[in-house]
Each structure stands twice: as C-alpha cells, then as structure tokens.
Amino acid sequence: MTATIVKTNPRTGETLYTLQEPTPEALAATMERACAAAAVIKNMPVEARLDECRKLKRYLIAHKEDLVAGIVAENGKCVTDALIGDIFTCLDLITHYEKHAPKILQDEAVPTPTLLMGKKSKIMYCPLGPVLVISPWNYPLNTSLTPALCAFIAGNPVIIKPSEWTPMRGILDRVLTESGFLKDGIQVVFGGRETGQQLIDLRPAKIFFTGSVRGGKAILTQAAQHLIPVELELGGKDPLIVFEDANLERAVNGAVWGALNNTGQGCTSAERCFVHDSIFDTFVERLKEKFGALSTPDTKTEDGGALDMGCMTTPFQLDIVRTQVDAARAAGATVWQAYEPKQGSTTYPPTIVTKVTPGMAAQCEETFGPAITVVPFKTEAEAIALANDTPYGLSSSVWTRDLAKADRVARQIEAGNVCINDVMSSEGNTALPFGGVKQSGIGRYKGVVGLHTFCNMKSVMTDKGAKNAELNWYPYTPEKYQLFLKIVDVAFLGGLTGLLKLAPVGMKADSLVKKLSK
Ligand code: NAD
C-alpha cells in the first residue's frame, strides 16, 4: 500500500486534494516512457524543442491569473510573489533560450595544437537521457519547470518530482497537457521522499535537486551507488553588507525586500545584515519602520496585489523560525517584531534580531522565514570575514557608492552570486549561471552552462585518415625516441622561434612515420 498525501491550503487549512503515492510499477512505467521519449527528443532539432517551450510560454501567459491562484493555494505566498517568482521567471527563461539555445548547443570548434597538425577538434553537445528534477515547496513552479526546461532544451526527457508539501496537482500536470507540450517530454510524478528515492534507483541519466542540505546529502549518497551525476541547489544564509557610503534608503529598501519577499522563504533571501558602525542605528530604525509597514495575512485578508507577504508554507518551517528567534531572545539578543506573533496563525511577523552572537542559530543556520539579523562592523576586512563566517555560500549583496570597493569585496565573498547595490537580482538574469559554493550546492544552471550541464560534452577529433600511422604509434625505435627528445626541447618554446625550430623536426617526424609505416 502506498502512502497518501493530504494537501491543504497553508493559509486556510482547507483540504485541497488527496494523493496516493505511485506504486513501484507506475514509477517504472514512467521511466520507460521517458526512455522512449529520449529517442524522439534527441533527434529533434533545437528549434523544434524550442517550439514545444513556446507552447508552454503561450499557455503560461494566457492562464497566468489562474495559475497564480493555484500557486497561492498550494504555497500560501502572496499573488505578486507567485506572479514574479514563479511565472515570470519561467517565461523569462524560455525567452532567453529561444534566442540563445541554438548557438549554445551547436557543435563548437576548438583549437588543435601544432603537434596535431592536419586534425580538427570540436565539442558536440549531445543529450544525456532521462533527467530527474526533484524540487522544493518555496517556488513550486519555478524550481520544477526552470531546470526541467533547461534539460529538455538540451535534448532530454524529464521527470519532475515536486515537493510533497506543494505537489501542484492540477497545475504542473495541467500546464504540460493543456499547453500541448510534447507528450512525455516532461512528466510529473507526485510523491514524497520515498518516491524520489525509488526514482533515483531507476537510474536517470542525471539528477537535478533543489532543496535542503540534508536532502542534498542523502541524494548524493544514493546517486553515488549508481554513479549518477547530481546537481545540487541547496540552502543559504545570505549576507547583505552595507558600507557607510551606500545609498542608505536604497540599501534599507533592498534589505526589506531581500529579507521578506516570498515570506523570506527563498534560498537567496537576505538573512544576515552587516552594517557599518556609523550608520547602524539609523539603518535599524529605518528597517523597523519599513518592516512594520508591510501587510501579512495576519493584518490583511484581501490580496489582489495589495498583500506584501504570505504565510509560512509548512508547519515545520514555521517552527524553525519561531525556535531560532525565541532561542536568540533567550540567549540575550534583542528581538523586534512588527507585531506579536498570533497564536494558531501560520503567518510569522516580520522580525529583526540584533545583538546576536555567531553561535546563535538565527545567525548561523538557515532561517528560511521573515526574520533577519543585523550586526555592526568597522572595517572592510571585518565585513568580509563576518559575511564568510557561514557554512553556506549561495548569494550575497554589497552596498556602496564606491564600485571599485564593491568589486573588491565581491571577489572575496565566498558565494556563487553577488549583487552590487541590489539584492537577489543576479538570479533574475538567465544569462548568468546560478548555484552555490560550500554547503549551498554543487554545479550551476541557467546561462550557457545551464544547457551544457544537461549534455554529454563529447570531444571529437577528426583526421582525414590519409597517413598510414602516427609518430606516437608503434613501432617504438631508438631513432624515434631521439626525435621525441628533440620535440620535447622545441615544441613548448612558443612564438616564432619555437615554430621555426619545430618545423624541421616536424618534417623529420613525417618522413620517419612514412618510412616506418610502409
Ligand atoms: P527538502 O530537501 O526537504 O526537499 C526537497 C525535495 O526533495 C522534495 O521534493 C522532497 O520530497 C525531496 N527529497 C528530500 N529528501 C529526499 C531523498 N532522500 N531522496 C529523494 N528525494 C528527497 O527541502 P525543502 O524543505 O522542500 O526545501 C527547502 C530548502 O530548499 C531550503 O533549504 C532552501 O534554501 C532550498 N532551496 C534552494 C534553492 C536553490 O536554488 N539553491 C532554491 C529553492 C530552495
């Protein structure tokens, strides 16, 4: 008997639907369909794959408001976050690759060294086969569809296993079928962790995982048994560094949005603010004013674009945020909240924590909710050290009018992404690769690498085949060895001198090959 998932609306508690997890037989059939689709998709020209994505694009645009309503019911976010964070992002990705994918995926000629004269070298970007995308609940459409589309455009069929907290039944599946997207090009399997584990054991060609560090480690361990390549997009504890010369109003506004959009449930949410000593008090006061002015489901019932934040999507995440904040307060931190947390509510108030110490969970563990810490610093070096004092390395931001300083600091921050005088914007440009360092993940997607990562990068070397043999082939002779010694002396000199010295050795090598391979 497989497990049942009861999906409720996190804001209202209403049951939306119940799901039965698939049987092992159903999962095997899904993988078989993906393998059959692989044979079709790999032979489709890139433009034909993009035509399929265009169908999706048209559907997403035409049904945006319906889809927003569905995402809000699944996740509890506000409509603006659903439209921008989930729908806009998918449309933007498709539009980017419509323009760039044909070039990114075409054969790429690379230089051939003089010693291999007469040969040609190139890279073919070939599909891998079925790709498994395992996604989280915070951006349930975006984190499912964007990697799936990258994999599909690169020529692979995809199986998406969305989070059991936001299965998106009737949304993800509907988008794919009603848009007329290629059948079995992207399939969706609803289920939890065990369903994910069973899918891994069916040996997809690649796994693209977005989720927690704990989940990422488990997936990496299981995938290692089959040597399946894995890409991991994991959590973060992103720093926001504000120097004394920053545009303060912009930095405060950026911190507010960076900390609270998507209810702070973003992998690249700003969670730790480091503010120069000289502007620290003003910054915190402005932050309080702006946090206090935002609406949440506790303070406003209607949305229609007027709501600033949603509720927490899962009870366990609400618990993590509450526990971190309470523990910080108990350990001597100062906690400011926009309002007193409401008993029984799934919404958590915008929260600022100051006077934290590095060991407090609120300062060193991912919070993934609407709470931010603010810590003063005195020097550039101290700011960098504080920002890097974390096991995570996903995104970050630096706020200063001195762009040379910003560049210098950006170079030293241990993160996959840095925004200068901006927040969460680098991931808004599909041309830029996205991913983390340290415990924030392995690999990158989006940009050029976003398609190449789903390819078998095949190295191809072509010789016309006129000569009977090559110098380095058998037979090995003392004469050949002497020639190799000369080659080692001159081949790596470089420049015109190197070329002039190599030419007679090359001619000698040519005649020796002819003589020995008759
Ligand atoms: P999670 O790791 O609990 O689950 C993510 C997905 O993995 C779910 O679909 C789940 O069913 C599946 N899963 C978990 N363990 C598994 C296993 N052992 N085998 C197979 N499948 C398994 O994470 P979550 O709570 O859903 O998501 C929140 C986390 O995701 C946060 O840490 C957040 O920072 C991170 N996240 C990262 C990015 C990014 O791009 N780096 C984006 C969004 C969210």
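What this report covers is the structure whose coordinates are included nearby. (Residues numbered from 1 in each chain as written. Predicted model: local features only at pLDDT ≥ 70, side-chain atom pairs only at ≥ 80, totals over all residues. Heavy atoms only, no water.)

**A look at the overall build of the chain**
When helices and strands are tallied, the chain shows 17 helices and 18 strands. With respect to the principal axes defined by its C-alpha atoms, the chain has extents near 90 × 60 × 40 Å. Counting only residues that meet the buried cut, the chain has 53% of its 518 residues in that class. Partitioning the contacts of the chain with sequence separation of at least 6, the portion at a separation of at least 24 is 71%. Total accessible area on the chain stands at roughly 23,100 Å², and carbon and sulfur atoms take up 58% of it. Across the chain, the mean location of the 54 positive side-chain charges is 9 Å away from that of the 55 negative side-chain charges. (Helix = DSSP H or I, 4+ residues; strand = E, 2+ residues; numbered from the N terminus. Buried < 20%, exposed > 50% of the residue type's maximum accessible area, 1.4 Å probe, protein only. Contact = heavy atoms within 4.5 Å. Areas by Shrake-Rupley, 256 points an atom, 1.4 Å probe, with all protein chains shown as cover. Lys, Arg positive; Asp, Glu negative; His and termini not counted. Charge placed at Lys NZ, Arg CZ, Asp CG, Glu CD.)

**Looking at the site of the ligand**
The immediate surroundings of the ligand are formed by 30 residues, with K161, E164, S212, L234 and E366 found nearest. Separating an oxygen atom of the ligand from a side-chain N or O atom of S212 is a distance of 2.6 Å. The contact in question runs from a nitrogen atom of the ligand to an N or O atom on the backbone of L234, over 2.7 Å. Taken by itself the ligand offers 840 Å² of open surface, and the protein chains cover 95% of this. Among the secondary structure elements, those contributing two or more residues to the shell around the ligand are α7 (193-201), β8 (206-210) and α8 (213-226). Broken down by element, the residue count for the shell around the ligand peaks at four residues, all from α8. Each of two domains, domain 1 (24-234 + 449-458) and domain 2 (238-429), supplies a minimum of three residues to the shell around the ligand. (Near = heavy atom within 4 Å. Polar contact = N/O pair within 3.5 Å; in protein donor to acceptor, adjacent residues only side chain to side chain. Domains from an automatic or database assignment.)

**Details of empty space enclosed by the protein**
On inspection of all chains with the given rule, the structure shows three cavities of 30 Å³ or more. Of the voids in this model, the largest cavity is the one considered here, and its volume is about 60 Å³. The wall of the largest cavity is formed by 14 residues, among which P239, Y392, G393, S395 and E414 lie closest to the centre. Of the residues belonging to the lining of the largest cavity, the class tally is six nonpolar, five polar and three charged. (1 Å grid on protein atoms, 1.4 Å probe; cavity = no way out; pocket = protein on both sides within 12 Å on 5 of 7 lines; lining within 4 Å. Points joined across faces, edges and corners; volume = space filled by probe spheres on them. Nonpolar A, V, L, I, M, F, W, Y, C, P; charged D, E, K, R; others polar.)

**Examining a nonpolar patch on the surface**
Taken together, L115, L116, M461, V488 and F492 make up a surface patch of nonpolar side chains, about 510 Å² in accessible area. Locating L116 in the fold gives a position in the loop between β3 (108-110) and β4 (120-127). (Patch = residues over 30% accessible without salt bridge, like charges linked within 9 Å, V, L, I, M, F, W, Y side chains within 5 Å. Salt bridge = Lys/Arg side-chain N within 4 Å of Asp/Glu carboxyl O.)

**A look at the layout of surface pockets**
Put simply, the second largest pocket is a space of about 600 Å³. As for the second largest pocket, its lining consists of 20 residues, and the residues nearest its centre are T114, L115, L116, M117 and A509. When residues of the lining of the second largest pocket are assigned to their parent elements, the largest contribution, eight residues, is made by helix α17 (residues 495-516). When grouped by side-chain class, the residues that make up the lining of the second largest pocket number 13 nonpolar, three polar and four charged. Both domains that meet at the lining of the second largest pocket, namely domain 1 (24-234 + 449-458) and domain 3 (471-516), each give it at least three residues.

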